[in-house]
Amino acid sequence: MNIGKTGLWSPELRLHRDTAEIADAAAELDSHGWGALWIPGLGGGDILGDADRLLSVTKNTTVATGVLSIWRHPAEEMAAGHARLRKEHGHRVLLGLGVSDAAAAQSAGGKYRPLAALNDYLDRLDEAPEPVPTDERLVAAMGPKLTELAARRSAGTHPFLVTPEFTAGARAILGDGPLLAPYLAVVVDDDPERARTTARGFVSFFIGMGHYAKSLMRQGFSEEDIAGGGSDRLIDSVVAWGTVDKINERVQTYLDAGASHVALHAISPREGLPRAEWRQLATLAR
């Protein structure tokens, strides 16, 4: 499965209320040449149904779940749904899996043992009547053990809120072959204060979550960096903002560090689909 070097990550492609506008936007994004459209598993719900809607209006781009929670989506249902989508749309479905956090495990009645739980989930995908092929699933790995597991049992990994330095470390663990597709928030605005404010409007929620906070601290950030929605230093390290040319330079730093694909999340100060930003970023599709 070739997903190119760049894709677009968008909660709006799932959550926007006007499904007709979603379909129109997805077809336009496909025409721009993005290698993948990534939809997050925020809030659970029928994420494969949402993927189906995007696949139905696109011809070339892969649709990736980035990512669905293993606690909210039973493996057997995901394997069956993935098989159905493959039959209808070909090899354009990439199943991204995440272990979330302890609260998600507890709400599902389980113990939070991420490595064991993910291994079990992958076993169940393998044992399904129509298994999910290894190269059509990947793992949201933030630590070395999950990254090693991703290399052995999936196409690779899709880390969230990481620096180029983290990316280089993940590549060293994965080796040369597996997919390494970090998420990168982007703000098309060259005013520093305004761009950082826009970025915090989305990422501050995640920065405050325990497992992401721990990941950021392992990447060298302090508690002071994480407080208040993220210091300027943190925001500037995990968000690309500025002109499209400047954003392209930041994307290249991730590719140079070992990423095989970068999933760009256009954060807009306006509600609705960020179509203006997507059109500005279209030159980065490759």
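Check the entry above for the structure.
Student: Is there a simple way to explain the packing of helix α4 (residues 75–89) against helix α6 (residues 114–127) in this structure?
Tutor: The contact between α4 and α6 brings their axes to 9 Å, and the two run at 45°. Judged by the angle between their axes, α4 and α6 are oblique. The hand of the α4/α6 crossing is right-handed. On α6, the residues that touch Ala 75, Glu 76, Met 78 and Ala 79 of α4 are Tyr 121, Arg 124 and Leu 125. Looking at side-chain class alone, the contact of α4 with α6 contains five nonpolar, no polar and two charged residues.

Student: Would you take a moment to explain the pairing of strand β11 (residues 262–266) for this structure?
Tutor: Every other side chain in a regular strand lies on the same face of the sheet, so the side chains alternate between the two faces. Across the five residues that make up β11, a large majority, five, are buried. Neither face of β11 is open: one carries Val 262, Leu 264 and Ala 266, the other Ala 263 and His 265, and all of them are buried.

Student: Mind showing me how you'd approach the nonpolar core here?
Tutor: Side chains that are nonpolar tend, in soluble globular proteins, to be buried together. Core analysis: the largest hydrophobic core is formed by 57 residues, its most contacted members being Leu 97, Leu 118 and Leu 264. Leu 138, Val 203, Ile 226 and Val 239 belong to the second largest nonpolar core, which has 31 residues in total.

Student: Looking at this structure, how should I read the pairing of strand β1 (residues 6–9)?
Tutor: Burial along β1 is two-sided: the face carrying Thr 6 and Leu 8 and the face carrying Gly 7 and Trp 9 are both buried. Two elements, β1 and β11, share three bridges in a ladder whose sense is parallel. Looking at β11, one finds that Leu 8 is bridged to Leu 264. The pairing of β1 with strand β2 (residues 36–39) spans two bridges and is classified as parallel. Its bridge partner being in β2, Trp 9 is matched across the sheet by Trp 38.

Student: Is there a simple way to explain the packing of α6 against helix α7 (residues 144–153) in this structure?
Tutor: When two helices pack together, their arrangement is given by the angle between their axes and by how far apart the axes lie. Running from amino to carboxyl end, α6 crosses α7 at an angle of 15°, the nearest separation of the two axes being 10 Å. Between α6 and α7, the crossing angle belongs to the class labelled roughly parallel. Two packed elements cross with a definite hand, and for α6 against α7 that hand is right-handed. On α7, the residues that touch Pro 114, Leu 115, Leu 118, Asn 119, Leu 122, Asp 123 and Asp 126 of α6 are Lys 145, Leu 146, Leu 149 and Arg 153. Among the residues forming the contact of α6 with α7, the class breakdown is six nonpolar, one polar and four charged.

Student: Would you mind going over the packing of aromatic side chains with me for this structure?
Tutor: Each aromatic ring pair is characterised by the separation of its centres together with the angle its planes make. Inspection of every chain in the model, using the stated rule, returns 10 aromatic pairs. Between Trp 9 and Tyr 183, the ring centres sit 4.8 Å apart and the planes meet at 80°, which makes this aromatic pair edge-to-face. Here Trp 9, found in strand β1, pairs with Tyr 183, found in strand β9 (residues 183–188); they are 174 residues apart in sequence, far enough to count as distant. Taking relative accessible area as the criterion, Trp 9 reaches 2% and is therefore assigned buried. Here Tyr 183 falls in the buried class, since its relative accessible area comes to 0%. A network of ring pairs unites the aromatic residues Trp 9, Phe 160, Tyr 183, Phe 202, Phe 205, Phe 206 and Tyr 212 as a single cluster.

Calculation rules
Within each chain, residues carry numbers counting from 1 in the order of the written sequence. In view of the model being predicted, local features appear only for residues whose pLDDT reaches at least 70, and side-chain atom pairs are presented and counted only at 80 or more, with totals across whole chains, interfaces and linings using the full set of residues. Side-chain metrics rest on all non-hydrogen atoms present in the structure, leaving aside hydrogens and water. Inter-axis angles, ranging from 0 to 180 degrees, are taken between N-to-C directions of lines fitted to C-alpha atoms, where helices are fitted over the stretch in contact. We count a stretch as a helix when DSSP gives it H or I for four or more residues in a row; a strand needs E for two or more, and each element gets its number in order from the N terminus. Angle categories are assigned with fixed cut-offs, so that under 35 degrees is roughly parallel, over 145 is roughly antiparallel, 65 to 115 is roughly perpendicular, and the rest are oblique. Left-handed describes a crossing in which the near helix is turned anticlockwise from the far one by less than a right angle; the clockwise case is right-handed. Contact between two residues is taken to exist if any of their heavy atoms lie within 4.5 Å; hydrogens are not considered. Amino acids outside the nonpolar list (Ala, Val, Leu, Ile, Met, Phe, Trp, Tyr, Cys, Pro) and the charged list (Asp, Glu, Lys, Arg) are all regarded as polar, and Gly is one of them. Per-residue accessibility, obtained with a 1.4 Å probe over protein chains only, is compared with the maximum for each type, and a residue is labelled buried under 20%, exposed over 50%, and partly exposed between these values. Nonpolar cores were defined as sets of buried Ala, Val, Leu, Ile, Met, Phe, Trp, Tyr and Cys residues, with membership established by side-chain atoms within 4.5 Å. Only when DSSP finds a minimum of two bridges between them are two strands counted as paired. For Phe, Tyr and Trp, where Trp contributes only its six-membered ring, two rings pair if their centres lie within 6.5 Å, and the inter-plane angle classes them as stacked under 30 degrees, edge-to-face over 60, or tilted in between.

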